[in-house]
Amino acid sequence: MMDVTVALIALVLTAPVMLAVAFLILVTDGAPVIFFHTRVGFNGKRFACYKFRTMVANSEKVLADYLASNPTAAKEWEENWKFKNDPRITFLGHILRKSSLDELPQLINVMRGEMSCVGPRPVVPDELQRYGTCATDYLQTRPGLTGLWQVAGRDAMDYPSRVSLDSRYVRNWSIWADIVILCRTIFAVMKFDRAS
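Rules behind the numbers
- Residues numbered from 1 in each chain as written.
- Predicted model: local features only at pLDDT ≥ 70, side-chain atom pairs only at ≥ 80, totals over all residues.
- Heavy atoms only, no water.
- UniProt positions renumbered as here; feature names shortened; annotations may be inferred.
- Salt bridge = Lys/Arg side-chain N within 4 Å of Asp/Glu carboxyl O.
- Buried < 20%, exposed > 50% of the residue type's maximum accessible area, 1.4 Å probe, protein only.
- Pairing = 2+ DSSP bridges.
- Helix = DSSP H or I, 4+ residues; strand = E, 2+ residues; numbered from the N terminus.
- Domains from an automatic or database assignment.
- Contact = heavy atoms within 4.5 Å.
- Buried area = accessible area lost by both parts, 1.4 Å probe.
- Polar contact = N/O pair within 3.5 Å; in protein donor to acceptor, adjacent residues only side chain to side chain.
- Nonpolar A, V, L, I, M, F, W, Y, C, P; charged D, E, K, R; others polar.
- Core = buried A, V, L, I, M, F, W, Y, C linked by side-chain atoms within 4.5 Å.
- Phe/Tyr/Trp six-rings, centres within 6.5 Å; stacked < 30°, edge-to-face > 60°.
- Lys NZ or Arg CZ within 6 Å of the ring centre and 35° of its normal.

- As annotated in an unreviewed UniProt entry, the protein carries the name Sugar transferase and is attributed to Mesorhizobium atlanticum.
- What UniProt states about the protein under its Subcellular location (unreviewed entry) heading is, verbatim, "Cell membrane".
- Here the protein is described in UniProt, under the heading Sequence similarities (unreviewed entry), as follows: "Belongs to the bacterial sugar transferase family."

## Some words on the pattern of salt bridges
Then, in step 1: For the structure shown, the criterion picks out seven salt bridges.
Then, in step 2: A salt bridge links arginine 88 to aspartate 86; the nearest nitrogen and oxygen atoms lie 2.6 Å apart.
Then, in step 3: Of the residues examined, aspartate 86 reaches a relative accessible area of 7% and is grouped as buried.

## Observations concerning the pairing of strand β1 (residues 34-40)
Then, in step 1: The pairing of β1 with strand β2 (residues 46-52) spans seven bridges and is antiparallel. Looking at the pairing, arginine 39 lines up with phenylalanine 47 of β2.

## Focus: the domain arrangement of the protein
Where the parts come together, the accessible area they lose is often given as the size of the interface.
Then, in step 1: Splitting the protein by domain gives domain 1 (1-54 + 89-190) and domain 2 (58-87).
Then, in step 2: With nine residues of domain 1 in contact, the opposing surface of domain 2 contributes seven residues.
Then, in step 3: The junction of domain 1 with domain 2 conceals about 710 Å² of combined surface from both sides, 45% of it contributed by carbon and sulfur atoms.
Then, in step 4: A per-residue breakdown of the area domain 1 buries against domain 2 is headed by Ile89, Arg130 and Arg162, which together make up 49% of the total.
Then, in step 5: Between domain 1 and domain 2 we count zero salt bridges in total.
Then, in step 6: At the boundary of domain 1 and domain 2, one finds one residue pair in polar contact (both at pLDDT 80 or more).
Then, in step 7: When contributions to the side of domain 1 that touches domain 2 are tallied by element, the ones reaching two or more residues are α6 (125-128) and α9 (159-171).
Then, in step 8: Of the residues in the side of domain 1 that touches domain 2, the class split is three nonpolar, one polar and five charged.

## Concerning the nonpolar core
Then, in step 1: If you look at the biggest cluster of nonpolar residues, it comprises 28 residues, and the most contacted ones within it are Ile25, Phe52, Leu96, Leu107, Leu148, Tyr169 and Ile181.
Then, in step 2: Of all the elements in the fold, those that place two or more residues in this core are α1 (2-29), β2, α4 (91-99), α5 (106-111), β3 (116-118), α8 (148-152), α9 and α10 (175-188).
Then, in step 3: It is α1 that provides the largest number of residues to this core, a total of six residues.
Then, in step 4: Leucine 107 has contacts with Ala7, Ala10, Leu11, Thr14 and Leu145, leaving out every residue within four places of it along the chain.

## Overview of the packing of aromatic side chains
Then, in step 1: By the definition in use, this model includes three aromatic pairs.
Then, in step 2: Ring centres of phenylalanine 36 and tyrosine 50 lie 6.4 Å apart, and the angle between their planes is 70°; this geometry places the pair in the edge-to-face category. Placement of phenylalanine 36 in strand β1 and of tyrosine 50 in strand β2 is noted, with a sequence separation of 14 residues between them.
Then, in step 3: Aromatic ring contacts, followed pair by pair, group Tyr131, Tyr138 and Tyr159 into a single cluster.
Then, in step 4: Over the face of the ring belonging to tyrosine 159 we find arginine 130, whose NZ or CZ atom lies 4.3 Å from the ring centre.

## Some remarks on the environment of valine 6
Then, in step 1: Looking at where valine 6 falls in the secondary structure, it is placed in helix α1.
Then, in step 2: On the accessibility criterion, valine 6 (29% relative accessible area) is partly exposed.
Then, in step 3: Considered as a pair, valine 6 and threonine 146 are 140 residues apart in the sequence and their alpha carbons are 12 Å apart.

Put into structure tokens, the structure is as follows:
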């Protein structure tokens, strides 16, 4: 009930921003405006996780070429599943990611019951195996639009630490913790230096 209420209010309030972002992506980099990727949800059910597109249209090929020609980048990708300087991200994409505006379409995922406002970071199927024994915790709840790791350090944190925080969130869940995380998220997204 809280998820739907918060997501509905957020969708209404951010609708003008979302329309502006969609227009800017269309003008600067063309269609599509929305990107979706398969993520693992509650009980292992897979769903299409929505985001504003922040990468070049041929991002899969750019990634493959970059990994093949750069051993250091390949190692970074293997360890973190992301880069500090990702060659696939557009100029506007950098701004959207720094401000977390790229994640606003996930409010639709919340409305559809695939995500929660607060929860573990949604992961792709291949990534879940890296959670080890913590994967059980991840599968017990819906992934969140925001979560404990986002307010604790965002992308300044290494991968094992993010997994540990996700697991701790699930094991110690409370409605009050969710409210605190939602409030802290407002301040966390203002720290642009901690986002990818």
